[in-house]
Amino acid sequence: MSGVWIFAEQKDGKFRQVVFEMLGAGRRLADHLGEPLVAVLFGSNCSELVKPLAEHGADRILTAEHELFSRYTTDGWSRPLAELARKEQPRAILFAHSSVGRDLAPAVAQKLDAGQISDVVAMRLEDGVAFQRPIYSGKAFAWMEFTSPEAAMIVTVRPKSFEIPELQEGRTAETHSIAVSLDPA
C-alpha cells in the first residue's frame, strides 16, 4: 500500500478550510504509518491549486483534469478515484464530511470493498489507529477501528475537528497528472 490520501475537494478553484484541516490530520496519520501524504485533486484547471496543498504539507499531489470535473456527479468522480486507488493502493483516504464527501466516500469504499467511518472528529494513534465519531445525535462519542489490514481506511472528516498545519511558504511537492477518460453520459 502506498500513502495516506486526502481528497482535496474544490469548487470553482477554491478549497474549503476542511481540506487544510485534513492535511493536518493526514500528516499525523502518514507519519505514524511511515507513508507519504498525498493530495488527490480533481478539476478542470488544477495547476493553480497545487501550491497551497504543497505548502500545507502534501508530499505528493495527484491531479486529474477534465472539463466534466467542473460539476460533481457520483459516478463521474467515484469511478476514476476508485481506479486510481486500486492502482496505487493507499493505506487511507480522507474526505471532507461535506455534501460531496458524504456521497463520494461510500461510493469509493464500495468500489474498493473497504470499510468507512463517517464524521470523524478525533484520531488516536497508539496501539494501531482509531477514529472517534459522534453517536446518538452527538450525545456520545465512539472510538472505531478498521479490522481489515488489506483494505484502505476510508474516512470522512468533520470540519473544524483538526488543526490546520502551519504554512510552509515555498514548499513544493512531487506532482503527477493522471489521465482520465470520462463519458458525458
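For the structure given in this document, a descriptive report is provided here. (Residues numbered from 1 in each chain as written. Predicted model: local features only at pLDDT ≥ 70, side-chain atom pairs only at ≥ 80, totals over all residues. Heavy atoms only, no water.)

**Description of the overall build of the chain**
Regarding its fold elements, the chain presents 4 helices and 12 strands. For the chain, the C-alpha atoms occupy an extent of roughly 40 × 40 × 30 Å along the three principal directions. When burial is assessed residue by residue, the chain has 50% of its 185 residues classed as buried. Across the chain, contacts joining residues at least 24 apart in sequence account for 69% of those joining residues at least 6 apart. Where the 20 positive side-chain charges of the chain centre and where its 25 negative ones centre are 5 Å apart. (Helix = DSSP H or I, 4+ residues; strand = E, 2+ residues; numbered from the N terminus. Buried < 20%, exposed > 50% of the residue type's maximum accessible area, 1.4 Å probe, protein only. Contact = heavy atoms within 4.5 Å. Lys, Arg positive; Asp, Glu negative; His and termini not counted. Charge placed at Lys NZ, Arg CZ, Asp CG, Glu CD.)

**Focus: helix α1 (residues 17-33)**
Between its first and last C-alpha, α1 extends 25 Å over 17 residues, near the 24 Å set by a 1.5 Å rise per residue. Along α1, 12 of the 17 residues are buried, which leaves the element largely enclosed by surrounding structure. Within the sequence span of α1, burial applies to V18, V19, F20, E21, M22, L23, G24, A25, G26, L29, A30 and L33. Phi turns positive one or two residues past the end of α1, at G34, with a value near 70 degrees. (Expected span 1.5 Å × (residues − 1).)

**Considering unusual backbone geometry**
The phi torsion at D12 lies on the positive side, around 55 degrees, for a residue other than glycine. Within the secondary structure, D12 is located in the loop between β2 (10-11) and β3 (14-15). Positive phi outside glycine occurs at S137, with the angle close to 55 degrees. The residue S137 is located in the loop between β9 (130-135) and β10 (140-144) in this model.

**Side note on the packing of helix α3 (residues 74-88) against helix α4 (residues 99-112)**
Look at α3 against α4: their axes get within 9 Å of each other, and the N-to-C directions meet at 45 degrees. As summarised for this structure, α3 and α4 are arranged oblique, according to the angle between their axes. The two elements α3 and α4 cross, and the hand of that crossing is right-handed. Touching T74, D75, W77, S78, R79, L81, A82, A85 and R86 of α3 are D103, L104, A107, V108, K111 and L112, all from α4. Looking at the contact of α3 with α4 residue by residue, the classes come out as 8 nonpolar, 2 polar and 5 charged. (Axes fitted to C-alpha atoms, helices over the stretch in contact; angles between N-to-C directions. Parallel < 35°, antiparallel > 145°, perpendicular 65-115°, else oblique. Left-handed = near helix turned anticlockwise from the far one by under 90°. Nonpolar A, V, L, I, M, F, W, Y, C, P; charged D, E, K, R; others polar.)

**Looking at the sheet that holds strand β8 (residues 122-124)**
In space, the 3 strands of this open sheet follow the order β8-β9-β10, with antiparallel pairing throughout. The sheet is open, and its two edges are formed by β8 and β10, each paired on a single side. Averaged over all adjacent pairs, the angle separating strand axes in this sheet is 30 degrees, with direction ignored. (Pairing = 2+ DSSP bridges.)

**Remarks on the layout of surface pockets**
When its volume is computed, the largest pocket comes out at roughly 460 Å³. Along its surface, the largest pocket is lined by 22 residues, and D75, G76, P80, L182 and D183 are the ones closest to its centre. Counting residues per element, the lining of the largest pocket draws most heavily on α3, at 7 residues. Residues of the lining of the largest pocket, tallied by class, amount to 13 nonpolar, 4 polar and 5 charged. Space inside the second largest pocket adds up to approximately 360 Å³. (1 Å grid on protein atoms, 1.4 Å probe; cavity = no way out; pocket = protein on both sides within 12 Å on 5 of 7 lines; lining within 4 Å. Points joined across faces, edges and corners; volume = space filled by probe spheres on them.)

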